[in-house]
Amino acid sequence: MAETVANISTVDFDKIRKDFPVLDQQVNGRPLVYLDNGASSQMPVQVADRIDHYHRREHSNVHRGIHTLSQKATDAFEETRKKVRDFIGAGSENEIIYTTGTTDSINLVANSFGKLYFKEGDQIILTEMEHHANIVPWQMIAEQTGAEIKVIPVDDNGDLDMKAYKSLLSEKTKMVAVVHVSNALGTVNPVKEITDLAHNSGAAVLVDGAQAVPHQPVDVQEIGCDFYAFSAHKMCGPTGFGILYGKKEYLDAMPPYRGGGDMIDKVSFEETTYNVAPFKFEAGTPPIAAGIGLGAAIDYLENIGMDVIAEKEAELVNYAVEELQKIDGLRMIGTPRTRASVASFVFDEIHASDMGTILDKRGIAVRTGHHCAQPILRRFNVPATTRASLSFYNTKEDIDRLVDGINYVKSFFE
Ligand code: PMP
């Protein structure tokens, strides 16, 4: 991972906020308070400008063209692979596969790894707090291969029951797929420990890092996991682009996931041979502008420093939880030991969708519903929560506006 030199006290967050023009607008007659960063974060002008430059001056297809413009586009697009490698501490850029997002990355592993390694009676371990993106692809491959799914339970605070995890592990376990940071609860899971235990049992590990990479330094070699997935649009980048990190020995062994141009070595009607990783997993024209945009987003985040971002967001989320807990009748869903950037809550008397709708009328954007994580909401016996998810460009004033808004909503129900 790149060294950062910034210290939080020297970082001008007011100036940083100005990089995000979308935040400077009125919504329903009030200044926007954007607290839905877990769904998608906002894009700074530096990233939007880089994407714009590609469209205006560099647009061309990658990898195939001999002409200058195509080489320029290819260089910019491939530069992102090296930036991602350094950003997450991978050993080689050949371990970085371009996908369309976390969901696509997990589907790739479930299909390719699953078809190669899963057989009748094998087990896949998930946790009770997974996003549907890290449940459904495993269910689909389990159905095809005869493997079965086991689930690590979550305690009343929203932490994993590690004792139960240890007892689930056996020589039947082929894959442990676990979320790094829960999008519904904010729990930061001990992914290194989870990985070490899985490896001791001979299982591979996939970490869903969609909510971790935008908020804290991540080093995949330090974690030791075999696969790590995340999305550009949650880390100041564009939609439609994501990353799968995979260890070389697995990527070399795994079959392609999709067929088409770019992923081949030689094609004839009798036989086709495949390109090497990462290209054998990247069929067809990729989202080039989005890939270049992710490179710019990484530059932007590294310029601030991921450790500075983590510290700033910890300050904000701690303040949010403190202030929310002062509100009468509010119940936090998830009070984990370590929390990142997410605060979810319910009221017995107020439905989350009413809460979200009225907050929106006051210019406050939050997420309400099951957050694509129905099993964990069922675990807490709630159909929906209201979720505030923060980014480094949020302020304590944003949180004060949220608390004011909640009190306003409450006044309707009293
Ligand atoms: N996993 C987690 C933990 C998430 O929060 C999300 C997005 N809400 C996803 C996976 C899916 O990401 P995407 O829709 O970008 O593929």
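Each chain has its residues counted from 1, following the order in which its sequence is written. Local features in this predicted model are restricted to residues of pLDDT 70 or higher, and side-chain atom pairs are both shown and tallied only at a pLDDT of 80 or more, whereas totals for entire chains, interfaces and linings draw on every residue. Just so you know, side-chain values use all the structure's heavy atoms and leave hydrogens and water out.

### A closer look at the side chain of Lys 410
Here's step 1: Comment: elements are numbered from the N terminus, with helices defined as DSSP H or I runs of at least four residues and strands as E runs of at least two. Inspection of the secondary structure assignment puts Lys 410 in helix α14 (residues 396-412).
Here's step 2: Burial status follows relative accessibility: with a 1.4 Å probe on protein chains alone, a residue under 20% of its type maximum counts as buried, one over 50% as exposed, and anything between as partly exposed. Classification of Lys 410 by relative accessible area gives buried; the value is 12%.
Here's step 3: Excluding residues that lie within four positions of it along the chain, Lys 410 makes contacts with Ile 327, Asp 328, Phe 347 and Ile 350. Throughout, a residue-residue contact means that at least one pair of heavy atoms, one from each residue, lies within 4.5 Å.

### Details of a negative patch on the surface
Here's step 1: Nonpolar side chains (Val, Leu, Ile, Met, Phe, Trp, Tyr) are joined into patches within 5 Å and like charges within 9 Å, using only residues with over 30% relative accessible area and no salt bridge. In these tables, accessible area is a Shrake-Rupley quantity obtained with a 1.4 Å probe, and a residue counts as shielded only by the protein chains included in the view. Salt bridge, as used here: a side-chain nitrogen of Lys or Arg that lies within 4 Å of a carboxyl oxygen of Asp or Glu. Under the counting rule used here, the positive set is Lys and Arg, the negative set is Asp and Glu, and His together with the chain ends is not counted. We put the charge of a Lys on NZ, of an Arg on CZ, of an Asp on CG and of a Glu on CD. Together, Asp 12, Asp 14, Glu 397, Asp 400 and Asp 404 give the surface a local cluster of negative charge.
Here's step 2: The greatest single-element share of the negative patch, amounting to 3 residues, is contributed by α14.
Here's step 3: Its place among the elements puts Glu 397 in helix α14.

### As for the nonpolar core
Here's step 1: The set of buried Ala, Val, Leu, Ile, Met, Phe, Trp, Tyr and Cys residues whose side-chain atoms join them within 4.5 Å is what this entry labels a nonpolar core. Counting residues in hydrophobic clusters, the biggest one holds 81 residues, and the most contacted among them are Ile 88, Tyr 165, Val 176, Tyr 228, Ile 376 and Phe 392.
Here's step 2: No other element matches helix α10 (residues 288-304), which puts 11 residues into this core.
Here's step 3: Boundaries between domains were set according to an automatic or database domain assignment. Looking at which domains feed residues into this core, each of domain 1 (8-44 + 305-412) and domain 2 (48-302) gives three or more.
Here's step 4: With residues near it in sequence (within four places) discarded, Ile 88 still touches Ile 96, Val 218, Asp 219, Val 220, Phe 230 and Tyr 245.
Here's step 5: Ranked by size, the runner-up nonpolar core spans 27 residues in total, among them Leu 108, Phe 113, Leu 244 and Ala 277.

### Side note on the sheet that holds strand β14 (residues 342-347)
Here's step 1: Being paired, for any two strands, means DSSP has found at least two bridges between them. A sheet is described by the order of its strands in space; here 4 strands give the open sequence β13-β14-β17-β16, paired in antiparallel fashion. The open sheet is flanked by β13 (330-332) and β16 (367-369), the only strands paired with a single partner. When the angles between neighbouring strand axes are averaged without regard to direction, this sheet yields 30°.
Here's step 2: Examined bridge by bridge, β16 and strand β17 (residues 385-389) share 3 bridges and lie antiparallel to one another. Pairing of Thr 368 across the sheet is with Thr 386, part of β17. The angle between two axes is taken between their N-to-C directions and runs from 0 to 180 degrees, where each axis is a line fitted to C-alpha atoms and a helix contributes only its stretch in contact.

### Let's talk about the pairing of strand β9 (residues 227-231)
The side chains of a regular strand alternate between both faces of the sheet.
Here's step 1: With 5 of its 5 residues buried, β9 lies for the most part within the structure.
Here's step 2: What you see with β9 is no split at all: Phe 227, Ala 229 and Ser 231 on one side and Tyr 228 and Phe 230 on the other are buried throughout.
Here's step 3: In the sheet, strand β8 (residues 204-208) pairs with β9 via 3 bridges, with the strands oriented parallel. Within the sheet, the bridge partner assigned to Leu 206 lies in β9 and is Phe 227.

### Focus: the domain arrangement of the protein chain
Here's step 1: Per the domain assignment, the segments of the protein chain are domain 1 (8-44 + 305-412) and domain 2 (48-302).
Here's step 2: Here the C-alpha centroids of domain 1 and domain 2 sit 27 Å apart.
Here's step 3: Taken together, the contact pairs 40 residues of domain 1 with 38 residues of domain 2.
Here's step 4: In this assembly, domain 1 packs against domain 2 so that about 3,200 Å² is buried in total across both faces, 54% of it on carbon and sulfur atoms.
Here's step 5: Note on definitions: buried area is the accessible-area loss of two parts on being combined, 1.4 Å probe, summed for both. The largest share of the area that domain 1 buries against domain 2 comes from Met 43, Met 306 and Arg 379, three residues that together contribute 19% of it.
Here's step 6: Here domain 1 is connected to domain 2 by 1 salt bridge.
Here's step 7: Where Asp 156 meets Arg 379, a salt bridge forms, and the shortest distance between an N and an O atom there is 2.7 Å.
Here's step 8: Polar contacts, as used here, are pairs of N or O atoms within 3.5 Å; protein pairs need one atom able to donate a hydrogen and one able to accept it. Residues neighboring in sequence count only if both atoms are side-chain atoms. Counting across the interface, domain 1 meets domain 2 through 28 residue pairs in polar contact (both at pLDDT 80 or more).
Here's step 9: Among the secondary structure elements, those contributing two or more residues to the side of domain 1 that touches domain 2 are α11 (306-325), β14 and α13 (374-379).
Here's step 10: Under the convention adopted here, Pro, Cys and the residues Ala, Val, Leu, Ile, Met, Phe, Trp and Tyr are nonpolar, Asp, Glu, Lys and Arg are charged, and Gly plus all remaining residues are polar. Classifying every residue of the side of domain 1 that touches domain 2 gives 20 nonpolar, 13 polar and 7 charged.

### Some thoughts on the pattern of salt bridges
Here's step 1: Per the counting criterion, the structure on display carries 20 salt bridges.
Here's step 2: The residue Asp 52 makes a salt bridge to Arg 56 at a minimum N-O spacing of 2.7 Å. Taken together, the positions of Asp 52 and Arg 56, both in helix α2 (residues 45-58) and 4 residues apart, correspond to about one turn of that helix.
Here's step 3: Asp 52 gets classed as partly exposed once you look at its relative accessible area, which sits at 33%.
Here's step 4: Exposure remark for Arg 56: the relative accessible area of 63% places this residue in the exposed category.

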